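Structural features, examined
Chain by chain, the residues:
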Amino acid sequence: MKTYKFKINGNDYEVMVNSVEGNTADVTVNGTGYKVEMENAPAAPAAAPKSEPAAAPAPVAAAPAAPAAKAAGEGQTVTSPLPGVIIEVSVKEGQAVKAGQKVAVIEAMKMENEIQAPADGTVTAVLVGKGDSVLEGAPVVKIA
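First things first, this report covers the structure right here in the doc. Here the structure is a predicted model, which is why all the values come from computation and not from measurement.

Relative to the helices and strands, Glu 136 is located in the loop between strand S11 (133-134) and strand S12 (139-143). Measuring from C-alpha to C-alpha, the distance between Glu 136 and Pro 81 comes to 5.5 Å, with 55 residues separating the pair along the chain. Not counting the four nearest positions on each side in its chain, Glu 136 is found in contact with Asn 9, Ser 80, Pro 81, Leu 82 and Pro 83.

As structure tokens, then:
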């Protein structure tokens, strides 16, 4: 496990990388756990299997549906435009959405911001819940 401290737009974040498996990392940001997909996965795959057996039981017990939903969720990922707290999730898996339709609402700097679907499609995965803290660029939903 490796810990990093970031300052983004004046806000402090403590990020712990619990494990890395392929292009997916299990991280904890300010005490909240996330599964993060990486574009450029680390080149050292030997380190991941060694830490995986010890760390695998906790993440699997904490979020068994998240990896399955991501595997089924081929398509476009809708991301958070800024860091904040999700105060509303407006869609469910399997729901049809239109371009510009509200999929979630995020509160940042005491303002509510709608997160909208970029295109027509069907929601294949909801990756956040009400009350979740998210960083800028964090995946919110997947649309196919």
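Structure shown, so let's carry the discussion forward.
Here we come to the pairing of S12. Burial runs high along S12: four of the five residues are buried. As judged from the four bridges shared by strand S5 (residues 76-79) and S12, these two strands associate in the antiparallel manner. Within S12, the position partnered with Thr 77 by the bridge is Lys 142.

Moving on: the packing of aromatic side chains. In this structure the tally under the stated criterion is one aromatic pair. With a centroid separation of 6.1 Å and 25° between ring planes, the pair formed by Tyr 4 and Phe 6 is classed as stacked. Overall, the relative accessible area of 36% leaves Tyr 4 in the partly exposed class. Of the residues examined, Phe 6 reaches a relative accessible area of 41% and is grouped as partly exposed.

Spatially, four strands are ordered S1-S2-S3-S4 in an open sheet, and the strand pairing comes out antiparallel. Strand pairing shows two members of the sheet lacking a second neighbour, strand S1 (2-8) and strand S4 (32-37), which therefore form its edges. Across this sheet, the average inter-strand angle for adjacent strands is 30°, counted without regard to direction. Of the pairings in the sheet, the one linking strand S2 (residues 11-21) to strand S3 (residues 24-29) comprises six bridges and is antiparallel in character. Each bridged residue has a counterpart across the sheet, and for Val 17 the counterpart in S3 is Val 27.

Next up on the list: the pattern of salt bridges. Think of it this way: side chains of opposite charge can pair up when their charged atoms draw near. Scanning all chains against the criterion turns up four salt bridges. Residues Lys 7 and Asp 12 are paired through a salt bridge, measuring 3.8 Å at the closest nitrogen-oxygen approach. Across the pair, Asp 12 and Lys 7 agree in class, each one exposed. Between Glu 37 and Lys 142 there is a salt bridge whose closest N-O contact spans 3.4 Å. In this pair, Glu 37 is assigned in strand S4 and Lys 142 in strand S12, connecting sequence segments 105 residues apart. Taking relative accessible area as the criterion, Lys 142 reaches 8% and is therefore assigned buried.

A sheet is described by the order of its strands in space; here four strands give the open sequence S5-S12-S10-S7, paired in antiparallel fashion. Of all the strands in the sheet, the pair left with one neighbour each is S5 and strand S7 (96-97). Where strand S10 (residues 121-126) meets S12, three bridges bridge the pair, whose relative direction is antiparallel. Paired with Ala 125 across the strands is Lys 142, a residue of S12.

A few words now on unusual backbone geometry. Positive phi, close to 50°, is recorded for Asn 30, a residue that is not glycine. On the secondary structure map, Asn 30 appears in the loop between S3 and S4. Classification of Asn 30 as partly exposed rests on a relative accessible area of 47%. Unlike most non-glycine residues, Met 109 shows phi in positive territory, near 50°. Relative to the elements of secondary structure, Met 109 occurs in the loop between strand S8 (102-108) and strand S9 (111-116). Judged by relative accessible area, Met 109 falls into the exposed class, the value being 76%.

Definitions and limits used
Residues numbered from 1 in each chain as written. Predicted model: local features only at pLDDT ≥ 70, side-chain atom pairs only at ≥ 80, totals over all residues. Heavy atoms only, no water. Helix = DSSP H or I, 4+ residues; strand = E, 2+ residues; numbered from the N terminus. Contact = heavy atoms within 4.5 Å. Buried < 20%, exposed > 50% of the residue type's maximum accessible area, 1.4 Å probe, protein only. Pairing = 2+ DSSP bridges. Phe/Tyr/Trp six-rings, centres within 6.5 Å; stacked < 30°, edge-to-face > 60°. Axes fitted to C-alpha atoms, helices over the stretch in contact; angles between N-to-C directions. Salt bridge = Lys/Arg side-chain N within 4 Å of Asp/Glu carboxyl O.

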